[in-house]
Amino acid sequence: MKLDLNQFQHIIYLATYNVAASNDLVPIGATAIYPLGLYSTKYSKVADIPAGETVAVPNDESNQARALLVLQSAGLIELKDGGSIFSTVADIESSSKVKVEAVAADFTASSLPDFAGAVVNNDFVSKAGLTKHQLLTQDDPSDESAFPYINIFAAKAADAENPTYLKLVKIYQETQAVQDGVLEASGGTAGP
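As the structure is a computational prediction, the values presented were derived from the model and not from experiment.

**Looking at the pairing of strand β6 (residues 117-120)**
Move 1: Side-chain alternation along β6 places Gly 117 and Val 119 on one buried face and Ala 118 and Val 120 on a second face that is also buried.
Move 2: As defined by bridge partners, strand β3 (residues 37-39) adjoins β6 across three bridges and the pair is classed as antiparallel. Bridge assignment links Leu 38 to a residue of β6, and that residue is Val 119.
Move 3: Looking at chain direction, strand β4 (residues 54-58) and β6 are connected through two bridges and run parallel. The residue bridging Ala 56 from the neighbouring strand is Ala 118, located in β6.

See the structure below:
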């Protein structure tokens, strides 16, 4: 049997992909939400980051906007019109405390020695050996503004009601061992 189902992206990423690829993938079930955090190997608190320093953010559209919102909520930058899920580094007000540089998401963690801090996607936190002691701040996955970043199972629109796919979603969502594994794999940060 061939399965055309995945569960690696959040809702914003899926929407961006569908537009760019002229595709019709649809969400068929939620998996988890992972907080997006600002890490530093040089500073132990956001307030310790001096004005004029540079912070790295992921350069992909969907995660860059979210990272900028994390920096704004931490008081490090100000975004034009308060920011949105579409914000880019071009939307950073010149009066912001820090500079921001966009780098490939998989290089944010390894680039930490070169920056005051970096917003690191959850996928790369444990791989880079980062700990909660290096986490300065993160977004709140239970906040309504984070809901577009809920990771989902995605399938082709024609397969949205596929019983096998829906059964996999149910197993994922309702099996305690699976939920425990997701939490363990995320270093305790995932919110089912």
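**What to know about the pattern of salt bridges**
Move 1: Under the counting rule described, the total for this entry stands at two salt bridges.
Move 2: Asp 4 serves as the salt-bridge partner of Lys 156, at 3.7 Å between the closest nitrogen and oxygen. Of the two residues, Lys 156 sits in strand β8 (residues 151-156) while Asp 4 sits in the segment before β1 (5-10), which places them 152 residues apart along the sequence.
Move 3: The salt bridge involving Asp 139 is made with Arg 66; its shortest N-O contact spans 2.6 Å.

**Notes on the sheet that holds strand β7 (residues 135-138)**
Sheet strands pair by backbone hydrogen bonding; their relative direction is either parallel or antiparallel.
Move 1: Spatially, five strands are ordered β5-β4-β6-β3-β7 in an open sheet, and the strand pairing comes out mixed. Single-partner strands in this sheet number two, and they are β5 (99-103) and β7. Looking at each pair of strands side by side, their axes are set apart by 25° on average, direction ignored.
Move 2: Seen against the sheet, helix α2 (residues 61-73) touches β3, β4, β5, β6 and β7 and runs at an angle of roughly 145° to β4.

Reading the values: rules and limits
Residues numbered from 1 in each chain as written. Predicted model: local features only at pLDDT ≥ 70, side-chain atom pairs only at ≥ 80, totals over all residues. Heavy atoms only, no water. Buried < 20%, exposed > 50% of the residue type's maximum accessible area, 1.4 Å probe, protein only. Helix = DSSP H or I, 4+ residues; strand = E, 2+ residues; numbered from the N terminus. Pairing = 2+ DSSP bridges. Salt bridge = Lys/Arg side-chain N within 4 Å of Asp/Glu carboxyl O. Axes fitted to C-alpha atoms, helices over the stretch in contact; angles between N-to-C directions. Contact = heavy atoms within 4.5 Å.

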